[in-house]
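Spelled out from the first residue to the last, the chains are:
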Amino acid sequence: MSTIADRLIEDEGLRRGVSRLTPEKIEKVFKELIAGECGARLKTYVESCVRCGMCAKACHYYMSHKDPSYTPVAKVSQTMWRLLAAGGRVEPQVIYECAQVAYTECNLCRRCIHYCPLGIDTGYIISVVRRLCHKLGVTPQYIQDTAHSHSAVLNQMWVKDDEWPDTLQWQEEEAREEFPGLRIPLDVEGADFMYSVIAPEPKFRTQLIYQAAAIFNAAGLNWTMPATPGWDNSNMAMFTGDSEIMSRVERAHYETAQRLRVKRIVMGECGHAFRAVYDVANRWLGWKWHPVPVVHSVEFFWELIQQGRIKITHKYADPVTIHDPCNIIRGRGLMDKLREVTHFLCENVVEMSPNREHNYCCCAGGGVINCGPPFKNVRIVGNSIKAEQLRATGVHTLVAPCHNCHGGLEDIISKFGLGMHTKFLGDLIYELMEKPEAE
Amino acid sequence: MHALYDLAVGPLAWLAFGVFIIGSVYRLLAMRALALRKDGAFVAYVSWPHAFKSLAHWFTPFGALGWRENPGVTIATFIFHICLFLVPLFLMGHIVLFDTFRGWSWPALPDGAADVLAIVVVVICAYFLWRRLSVPEVRFVTSAQDVLVVSLVGLTFLTGVLAYHRIGDNLVLTTLHILSGEAMLVAIPFTRLSHMLFGVFSRGYIASEFGSVRHAKDW
Ligand code: HEM
Ligand code: HEM
Ligand code: SF4
Ligand code: SF4
């Protein structure tokens, strides 16, 4: 049977990383990691997994490749079990293999938890493998670059401190041509909420900031965006296994909100960022809940609709389908609100199957898309099951309130010729809303 | 052989039950202590109402996505596990032994029914072994220990059935049955069979995370 060793892909970051390792060094770091950071969860999961293979059908990689080395339990057997069996004393090449499995063949999407009768969290085990690879300096080059950026400038895309307010002002100016009174309020203390986005928005998707400003303006909201670092809510360090940088980024984000004394943080349509802010980094920082409440855009739009603050001129006529992003559905249970918002906006919603908590991942999340071009084909071919699922809906518009999902789904759509286009809720609301009259 | 039988039914039986019970309690307490010491940021979210709700789904055949998508295994594993508890606990042959040695007695299953259920367990063990060796995704992750534990369960039931039907040398088979049954009990706290001890807690924990933090179901 084929294994990860039969499909290795050259990556400069991984290659350079393993070239510096020896079995002794790996053993030392592995033992420290297991003794220092792992406890009952890892132990129970590894020991009580009955190797029944029920989780196989959970994973889109397996469902697409139909190769037994892609099942959730196989990913664990090729990484963590192997390391544990050897007490961490393995050849550097094994770390290369572990890194490729952990960073590029698992999206940490948690779908397999719905299949494993023992509730084993494969995503967690894979995160531990990533943490080891990070500590050993074996990380894919592209995603490591984003982690470096987080470390240097506290955002993912090397956006410089002055480029950020410049970009916002530029968007404000553009938007004022359409909505003369519009502001993107910077650093307003005591505003109702701080709006935070991921760094790709100011870098390549400024239209999304424009649209958000237009929506908040039309709804007459009292909001602000920070003028200082801490504005980026994305967190690739979480996915490389660099918990230290991850928590620095998150601390800056929360502290910025506290400095502005806002009532809460509203996060843009991104899933992984929400996972970092809501579920992961707060724990590393020792906060059980959040020092400032956080809501995802889906929930926020839902509230605005409930309050009658978003009014639309007409409904979107073409049939749409909904992709449920793992990090806000299995990660936050927003499936009903997502549907209520979509039904409010669209005439005809065709559900895909399976959906809601059982939805298949886009195969871009968990940092996989951020590992860049070397691994692109694996994640696209590795999700033919998603392509089938999308094709079966027969519709041409796909609502996906998550940046990563957009990236992954667009790749799948073009590879499999599905003839669909993806939309954020913000795209739809902006397109359909009653726009305040220019004075 | 008689001496071995006496040993198996006497001191070894005590030993086996002792190791099983004390070992299980020890492992549970040690794991709890480890969780409190090292997994504080996760134990903090344990929520029993969410755990019970999820467990109710997972203890219902076809009550969770994983069961529905693996119907063969689901039917087999539910029957297997129910019989695994039902047959030895309510078997006339076993109750008689407790009655003789300790004077304890409780209602038994009709012998015929127990016999059929025991044979069913043997058949399901054979099915599990077959899966291990021939279903690719199962074979990929199978190790010697996995084959061993299913075989041990299968052997215990098989020898029990053979002894009951007086097939082969009755003394040898009964002795073998008792020894394998004892080995199985001893194996529970220290092998993969420990899923009996930890399974409800690992599920209960993840159900708490899903229920109280992520507000989503995990079944
Ligand atoms: C701990 C020590 C054990 C002792 C002393 C013991 C003893 C016995 C005896 C005396 C019989 C009756 C055989 C006959 O009728 O000639 C029997 C049958 C049987 N025992 Fe055990 N047993 C033990 C453990 C187990 C365990 C752990 C299991 C399964 C989990 C088990 C399952 C069975 C089965 C399935 C039968 C045959 C039932 C039938 O076909 O009617 N036994 N056992
Ligand atoms: C409350 C107690 C238990 C629960 C909830 C439980 C649950 C499970 C589950 C969910 C599976 C996976 C499905 C499968 O492969 O069949 C499994 C497998 C298994 N269980 Fe249990 N179990 C329990 C007790 C036991 C005990 C006491 C034994 C034996 C002494 C046992 C022996 C096995 C074996 C051998 C397998 C593996 C079957 C295979 O090879 O695929 N279980 N158990
Ligand atoms: S990609 Fe998702 S389903 Fe597959 S192993 Fe990882 S967490 Fe499980
Ligand atoms: S379903 Fe759970 S117990 Fe079964 S092989 Fe997968 S991880 Fe292990």
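Everything below is about the structure shown above.
Residues numbered from 1 in each chain as written. Chains lettered and ligands numbered in written order. Predicted model: local features only at pLDDT ≥ 70, side-chain atom pairs only at ≥ 80, totals over all residues. Heavy atoms only, no water.

(A) Molecular detail of the pattern of salt bridges. All names here are of chain A. Summed over all chains, the structure comprises 36 salt bridges over all chains. Across the pair Glu24 and Arg89 runs a salt bridge whose closest N-O atoms are separated by 2.9 Å. Of the two residues, Glu24 sits in helix α2 (residues 23–37) while Arg89 sits in the loop between α6 (80–85) and α7 (92–104), which places them 65 residues apart along the sequence. For Glu24, a relative accessible area of 44% corresponds to the partly exposed category. (Salt bridge = Lys/Arg side-chain N within 4 Å of Asp/Glu carboxyl O. Helix = DSSP H or I, 4+ residues; strand = E, 2+ residues; numbered from the N terminus. Buried < 20%, exposed > 50% of the residue type's maximum accessible area, 1.4 Å probe, protein only.)

(B) Looking closely at the side chain of Thr146 of chain A. Secondary-structure assignment places Thr146 of chain A in helix α9 (residues 141–153). Among all residues touching Thr146 of chain A, those that are not within four sequence positions of it are Gln156 and Met236 of chain A. (Contact = heavy atoms within 4.5 Å.)

(C) Up close: a nonpolar patch on the surface. All names here are of chain B. Residues Leu28, Val46, Trp48, Phe52, Phe59, Val200 and Phe201 make up a contiguous nonpolar surface patch of about 680 Å² in total accessible area. Broken down by secondary-structure element, the contributors of at least two residues to the nonpolar patch are α4 (48–58) and α12 (195–213). Within the secondary structure, Phe52 is located in helix α4. (Patch = residues over 30% accessible without salt bridge, like charges linked within 9 Å, V, L, I, M, F, W, Y side chains within 5 Å. Areas by Shrake-Rupley, 256 points an atom, 1.4 Å probe, with all protein chains shown as cover.)

(D) Local environment of the site of ligand 1. All names here are of chain B. As a matter of local geometry, ligand 1 sits amid 20 residues, with Leu91, His94, Asp115, Arg166 and His177 nearest to it. Ala163 is positioned such that a nitrogen or oxygen atom in its backbone is 3.5 Å from an oxygen atom of ligand 1. The biggest single contributor to the shell around ligand 1 is helix α10 (residues 144–164), with six residues. (Near = heavy atom within 4 Å. Polar contact = N/O pair within 3.5 Å; in protein donor to acceptor, adjacent residues only side chain to side chain.)

(E) Expanded view of the coordination of the iron atom of ligand 1. Residues and elements named next belong to chain B. The iron atom of ligand 1 binds to the protein through His94 (NE2) and His177 (NE2), with metal-donor distances spanning 1.9 to 2.0 Å. Every donor counted, the six donor atoms about the iron atom of ligand 1 form angles of 86 to 180 degrees at the centre, which fits octahedral coordination. Pair noted here: His94 is in helix α7 (residues 92–102) and His177 is in helix α11 (residues 170–190), with a separation of 83 residues, a long-range link. Here His94 falls in the partly exposed class, since its relative accessible area comes to 23%. Looking at His177, the relative accessible area reads 17%, which means it is buried. (Donors = N, O, S within 2.8 Å, 3.2 Å for Na, K, Ca; no water. Tetrahedral: all angles 85-135°; square planar, octahedral: opposite > 155°, others 65-115°.)

(F) Looking closely at the nonpolar core. By size, the foremost hydrophobic cluster in this structure holds 76 residues, and its most contacted members are Met80, Ile95, Ile125, Leu132, Leu136 and Val138 of chain A. Those residues in contact with Leu132 of chain A that sit more than four places away from it in its chain are Val29, Phe30, Leu33, Leu83 and Ile95 of chain A. (Core = buried A, V, L, I, M, F, W, Y, C linked by side-chain atoms within 4.5 Å.)

(G) Spotlight on the coordination of the iron atom of ligand 2. Residue and element names in this part refer to chain B. Within the protein, the atoms that donate to the iron atom of ligand 2 are His81 (NE2) and His195 (NE2), at distances of 2.0 Å. Viewed at the metal, the six donor atoms of the iron atom of ligand 2 are separated by angles of 86 to 180 degrees, and the geometry they form is octahedral. One end of the pair, His81, is in helix α6 (residues 71–89); the other, His195, is in helix α12, with 114 residues separating them in the sequence.

(H) Local environment of the site of ligand 3. Neighbouring residues of ligand 3: Cys59, His60, Pro72, Lys75, Cys106, Asn107, Leu108, Cys109, Arg110 and Cys112 of chain A. Grouping the amino acids of the shell around ligand 3 by side-chain chemistry returns six nonpolar, two polar and two charged. (Nonpolar A, V, L, I, M, F, W, Y, C, P; charged D, E, K, R; others polar.)

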